[in-house]
Amino acid sequence: MSNKQAIVIPDLGDFGAVDVIEVLVEVGATVAAEDGLITLETDKATMDIPAPADGTITALTVKAGDQVSEGDVIGEMTVGESSAAQPAEPAAESEEAPYEQTQTINPATAAAAISDTDQKTQLLVLGAGPGGYAAAFRAADLGMQVTLIEKHASLGGVCLNVGCIPSKAFLHAAKVIDEAESMAKHGIRFAKPEIDTQALGGWKASVVNRLTGGLKQLAKQRKVSVVHGTGEFISPNAVSVALADGGSTTIGFEQCIIAAGSAPIRLPFEPDDARVVDSTGALEIDPLPSSLLVVGGGIIGVELGSVYAALGVPVTVVELTNELMPGADRDLVRPLQKRLAAQFKSIMLNTKVTGMSVADDGINVTFEGKDAPESETFGKVLVAVGRRANGQKIGAEAAGIAVDQRGEIAVDKQMRTNVPHIFAIGDIVGQPMLAHKATHEGHVAAEVAAGEKSFFDARVIPSVAYTDPEVAWVGLTETEAKRDGVAYEAAAFPWAASGRSLAMGRDEGKTKILFDPANGRILGGGIVGTSAGDLIGEIGFAIEMGADAEDLGLTVHPHPTLSETVALTAEAYEGTLTDLYVPKKKKR
Ligand code: FAD
């Protein structure tokens, strides 16, 4: 049994005549109720007009470029002849999208939800980390009215407040101590450093405050409305906010960008004791503990362990797998591991922490592993076993947003979640959990929300451990190439042949690049050595530009610099290197 039904434009809220920018279905398509039929665009938002029922489209009278208003009949359908198992023809763009969009905005419902709230905004951004503030500022620059919700007193998220920036301030201090010490063998001897942990902590705080204070200014200049409180979805178009000053409010939005980040993973047997800390607690260095156990040999654990070791604390690292910093190529980690082995009291690989208990003189930790002690007591324990996305802490279900078991929110290349007017970016969408990824994704989400055709299409995202030496890599690693059977040829330039590196008193560095044997294009690269994190950008740029070995090798680099090693690696691949004798890999 089927009935004919007119397809009518529903209540469009405050909007009159609205542009049709896309027709999503064709005559003859079978659709389910709520499937998008056409996309409308106002100066503030895009919205899909949903099918009023299951059925088959028998007529469509609009095309892209037309204008429609509430009550206009835009077609006809026979009702009752479709099922959800027979989806309508997908539109070209959603064919590309890796995730099905399971919700369609009904403008009438959206308008109702927004009008019930205390405040209204065009774009709501939840979380003011490097993803959220970048998204909010970009959207404001594109003319949107933006409200940014942040539960902490300062903007900047984990990265500025308790992540990238404070850890790098301490790592700089560690490097100064190590470098001063290392000059002793070259004729310059300094006295043993006196460490004032309060002053050092104060300097770290001043660096952080300078940056977060700057963000506050930038938000003000852009007229981004900042609300300090904890936000939770109460519908697909509204959040309630428990305000930092005690009250609460509700905010309705037309579009939303979720940038609520991630939190450290805790071990189930962690005692509730101030001496067991996560990375945030480890950044409080006053007073220094008698000893430190770092649980987890990833980048964060190794960086923070290096800081404590430089400040004179005996540091032990325990890592479940057989390697520090899993993910990076072993030949790049080896020089770092060698140096850390001399700086740390002990590095226990293939070892599991099985329990922790509180003792008078510290935290007693039990281990399982071939070379591990049965138990040992530490003045402080840093648990750095990874981070978990915050997707399950924001009331996502009230908005219909799909969140997986890891707390991550799936998005398409435009950073849209399964609810098309809600985007997600940064740590909350999963690995790699890095600030620069969050920022780039934030820009894309803001641009799409503002109606631009933007995509996150970065070929590569660099990773850096800001240790000494630094380890950095981008694109294909040798480990991945071997695991996945990707054809590649590698060339390397040892920094023992770099005049600049030797003049800095260091010879353990290495620059390595992987090339496509078919055409010499750069597939990936890794660097270990001083400032590797600053150098890796050139290899990332080369990959994005589709550059090959010749492009890098023929680019005149300044001498003597560490950046030269990138060009010299390409020359080693090309067989044109004169600074070393390297058997020819390839003559092109
Ligand atoms: P976050 O920075 O986590 O920001 C999320 C924000 O949302 C937070 O401010 C939070 O308070 C807020 N929020 C969460 N829920 C709510 C809610 N319900 N309501 C209101 N507000 C909410 N990355 C690098 O690229 N380089 C580094 O050198 C580096 N070093 C690091 C060192 C450490 C010690 C740590 C812990 C991390 C480091 N990272 C580094 C990772 C980096 O900090 C994150 O990848 C980055 O901060 C993620 O940005 P984001 O915007 O997704 O989320």
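Definitions and limits used
- Along each chain, the written sequence defines residue order, and numbers are assigned to residues from 1.
- A pLDDT threshold of at least 70 governs which residues receive local features in this predicted model, and a stricter bar of 80 or more applies before side-chain atom pairs are shown or counted, although totals over entire chains, interfaces and linings include all residues.
- Side-chain measures were taken over the full set of non-hydrogen atoms in the model, leaving aside hydrogen atoms and water.
- Should DSSP find at least two bridges between two strands, the strands are taken to pair.
- For the purposes of this entry, the term helix denotes a DSSP run of H or I that reaches at least four residues, the term strand denotes a run of E that reaches at least two, and both are numbered from the N terminus.
- For each residue, the accessible area found with a 1.4 Å probe, counting protein chains only, is set against the maximum for its type, and the residue is called buried under 20%, exposed over 50%, and partly exposed in between.
- Here, two residues are considered to be in contact whenever any of their heavy atoms come within 4.5 Å of each other.
- Only heavy atoms are used to decide nearness, and a residue is near a molecule or strand if one of them lies within 4 Å of it.
- By the criterion applied in these results, polar contacts are pairs of N or O atoms within 3.5 Å in which, for protein atoms, one can donate a hydrogen and the other can accept it, and in which residues neighboring in sequence qualify only through two side-chain atoms.
- Just so you know the grouping, Ala, Val, Leu, Ile, Met, Phe, Trp, Tyr, Cys and Pro go in nonpolar, Asp, Glu, Lys and Arg go in charged, and all remaining residues, Gly too, go in polar.

### A look at the sheet that holds strand β16 (residues 292-295)
Part 1 of the argument: If you trace the five strands from one edge of the open sheet to the other, you get β15-β22-β16-β17-β18, paired in parallel fashion. Strands with a single pairing partner mark the edges of an open sheet, and in this sheet they are β15 (276-277) and β18 (346-348).
Part 2 of the argument: Strand direction decides the pairing type here: β16 and strand β17 (residues 315-318), joined by four bridges, are parallel. What sits directly across from L292, in β17, is V315.

### Looking at the pairing of strand β28 (residues 510-515)
Part 1 of the argument: Of all six residues in β28, five are buried, a share of seventy percent or more.
Part 2 of the argument: The antiparallel pairing of β28 with strand β29 (residues 522-529) creates a hairpin that spans six residues between the two strands, and G520 there sits at a positive phi of about 75°.

### Description of the environment of L311
Part 1 of the argument: Positionally, L311 belongs in the loop between α8 (299-310) and β17.
Part 2 of the argument: C-alpha separation for the pair L311 and E374, spaced 63 residues apart in sequence, amounts to 27 Å.
Part 3 of the argument: If near-sequence neighbours (up to four positions away) are discounted, L311 is found in contact with I177, I195, L200, I285 and L288.

### Notes on the site of the ligand
Part 1 of the argument: Close to the ligand lie 38 residues; G131, E150, K168, D427 and A435 are nearest.
Part 2 of the argument: Between the ligand and A435 there is a distance of 2.8 Å, counted from an oxygen atom to a backbone nitrogen or oxygen.
Part 3 of the argument: H436 has a polar side-chain atom sitting 3.3 Å from an oxygen atom of the ligand.
Part 4 of the argument: Mapped by element, the contributors of at least two residues to the shell around the ligand are α3 (130-141), β10 (146-150), α4 (157-162), α5 (164-182), β11 (225-235) and α11 (435-449).
Part 5 of the argument: Here the shell around the ligand gets four residues from one element, more than from any other, and that element is α4.
Part 6 of the argument: By residue class, the composition of the shell around the ligand is 17 nonpolar, 16 polar and five charged.

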